[in-house]
Amino acid sequence: MPVFSRPRPIGASDDRSRALSRRSFLGLGGAGAAALLVPSLTGCSSSDRARTDALRDGVPATARVAVIGDGRTGPTAVLQRGLNGMDPGAALGGTRFAWPSGFAASLNAMEAIKAGSVDVSFATATALIYAIGGGVPIVPLAAYPLPANEVDILVPEDSPIRGAADLKGKRVADQQGTTGTYSLVKYLETAGLRLSDVQHVNLKAADAEAAFANGSVDAWISWQPMIELGRRRHGARTLPGVRTYDYAFWVASASFAGDFPEAAARFVRQVADAQRWINTSTEAAVEAFAQSGGFGTAPLEREVYLDLAKAGRLSESPADRLAPIDDAAATGTQDLADNFKALGVYPEHVDAAGFLRDAKFAALRETVRGALAA
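Residues numbered from 1 in each chain as written. Predicted model: local features only at pLDDT ≥ 70, side-chain atom pairs only at ≥ 80, totals over all residues. Heavy atoms only, no water.

Chemist: Looking at this model, I keep getting lost on the pattern of salt bridges. Mind explaining?
Modeler: Should the charged atoms of two oppositely charged side chains come close, the side chains can pair. Going through the model one piece at a time under the given rule, you end up with 19 salt bridges. Put simply, Arg64 and Asp119 hold a salt bridge, and the shortest N to O gap is 2.8 Å. Here the residue Arg64 occupies a position in strand S1 (residues 62–64), and Asp119 occupies one in the loop between helix H6 (106–115) and strand S3 (120–124), the gap between them amounting to 55 residues. By relative accessible area, which is 27% here, Arg64 ends up partly exposed. A relative accessible area of 7% places Asp119 in the buried class. Lys310 is the salt-bridge partner of Glu283, the closest N and O atoms lying 2.8 Å from each other. Here Glu283 is found in helix H13 (residues 282–291), whereas its partner Lys310 is found in helix H14 (residues 299–311), with 27 residues between them in sequence. The partly exposed category is assigned to Glu283, whose relative accessible area is 47%. Three or more residues are tied together by salt bridges with common partners; here these are Glu228, Arg231, Arg232, Glu303 and Asp307. (Salt bridge = Lys/Arg side-chain N within 4 Å of Asp/Glu carboxyl O. Helix = DSSP H or I, 4+ residues; strand = E, 2+ residues; numbered from the N terminus. Buried < 20%, exposed > 50% of the residue type's maximum accessible area, 1.4 Å probe, protein only.)

Spelled out as structure tokens, the structure:
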């Protein structure tokens, strides 16, 4: 799961309203929507004509997909490098793909969408909520629930901490505002505790591992693969009953999804197919990632990734089951938003469920459904 700290608001909410209302033609469906955008050719420049032709054909000349993290593994790596013979450009009808990188987390990619430099991106539920509240002109394409066992809480092998109740008053390292925070809140609830009942130490992953290793904290919560790497490096043990509750999303800019709804849907299908190959041919996929430097020089990284991929415990593991946004995704994401608002992580209420259920996306949901079922 990508890592990010608590950000500033991305933009004003009226920006999102203007951007999305400008693309409200999505409710008309793909072909009808594109027809509304095709201007008269009289007086058009060559670039205008090219865009008009692209809109008529439904094939974008280019598509810019954000690479989150190091981009060395997962479905984006499969598509970017053409592994297993996959060619997303051909699948979209001749589109040339660009893969902007340098995004430490999906939240940064949401900012790039707002700036107009990214068309499509993976997004954690947390990044999605920040984007909604910050006025980023995004369109939700598809979602899937994260693996229930993607998050772990580590304690030293000889720690007296055995379950949620034992965390009361203890120092727990976690990067605030992430999947780990949400899982920690839910885990504490099983013992009738709140986040305020522990000493919540806000640290990025590398700093959290260092603090755990030197005994500065009593427990550390994070997601795979970093938490499993930490467990093996430090001979730690995991607490029982920790779960992951939130969803992962693929989103597009409102302009890209509005101009090319079918292409956006076909790209989602490419992501699902790429992850399906990883899940069904895991040894071959891991070898392909290794050949392209996916695991650096540390054998443990490859070993851990292979084990987690086989067990389906990585954040991208369920991406082969990408589906149009449904009530479960909307409800789960709203619960996360409400919890973070109550904790002060979000400064204000965000109507994530209302956004995800918005009728203006109905036609696009059906287009995505058709592409995934084909």
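Chemist: Hey, could you run me through the layout of surface pockets in this one?
Modeler: The method is simple in principle: a probe with the dimensions of a water molecule rolls over the atoms, and the space it marks as empty is what remains. Roughly 840 Å³ of volume is contained in the largest pocket. Lining the largest pocket we find 32 residues, and of these Ile68, Asp70, Thr73, Pro225 and Glu316 sit closest to its centre. Elements represented by at least two residues in the lining of the largest pocket include exactly helix H4 (75–81), helix H10 (226–234) and H14. Here the lining of the largest pocket takes 3 residues from H14, the largest share from any one element. (1 Å grid on protein atoms, 1.4 Å probe; cavity = no way out; pocket = protein on both sides within 12 Å on 5 of 7 lines; lining within 4 Å. Points joined across faces, edges and corners; volume = space filled by probe spheres on them.)

Chemist: What is the right way to read the pairing of strand S10 (residues 247–253) from this model?
Modeler: Put simply, side chains in a regular strand alternate between the two faces of the sheet. With 7 of its 7 residues buried, S10 lies for the most part within the structure. Neither face of S10 is left uncovered, since the one carrying Tyr247, Phe249, Val251 and Ser253 and the one carrying Ala248, Trp250 and Ala252 both have all their residues buried. With 5 bridges connecting them, S3 and S10 associate as antiparallel partners. From the neighbouring strand, Phe122 faces S10, where its bridge partner is Trp250. Pairing of strand S4 (residues 138–145) with S10 involves 7 bridges; the strand directions are antiparallel. Paired with Val139 across the bridge in S10 is Ala252. (Pairing = 2+ DSSP bridges.)

Chemist: Any chance you could explain empty space enclosed by the protein here in plain terms?
Modeler: Under the counting rule described, the total for this entry stands at 1 cavity of 30 Å³ or more. Of the pockets and cavities examined, the largest cavity occupies roughly 50 Å³. Broken down by secondary-structure element, the contributors of at least two residues to the lining of the largest cavity are helix H9 (205–213) and strand S8 (219–223). Class assignment of the residues belonging to the lining of the largest cavity gives a composition of 8 nonpolar, 3 polar and 1 charged. (Nonpolar A, V, L, I, M, F, W, Y, C, P; charged D, E, K, R; others polar.)

Chemist: Teacher, can you tell me more about the packing of H13 against H14 here?
Modeler: Describing two packed helices takes the angle between their axes plus the distance from one axis to the other. Look at H13 against H14: their axes get within 10 Å of each other, and the N-to-C directions meet at 150°. When the axes of H13 and H14 are compared, the pair comes out roughly antiparallel. Handedness of the crossing formed by H13 with H14: right-handed. On H14, the residues that touch Thr282, Glu283, Val286, Glu287, Phe289 and Ala290 of H13 are Arg302, Tyr305, Leu306, Ala309 and Lys310. Broken down by class, the residue content of the contact of H13 with H14 amounts to 6 nonpolar, 1 polar and 4 charged. (Axes fitted to C-alpha atoms, helices over the stretch in contact; angles between N-to-C directions. Parallel < 35°, antiparallel > 145°, perpendicular 65-115°, else oblique. Left-handed = near helix turned anticlockwise from the far one by under 90°. Contact = heavy atoms within 4.5 Å.)

Don't take any of this as a statement about function, it's just geometry.
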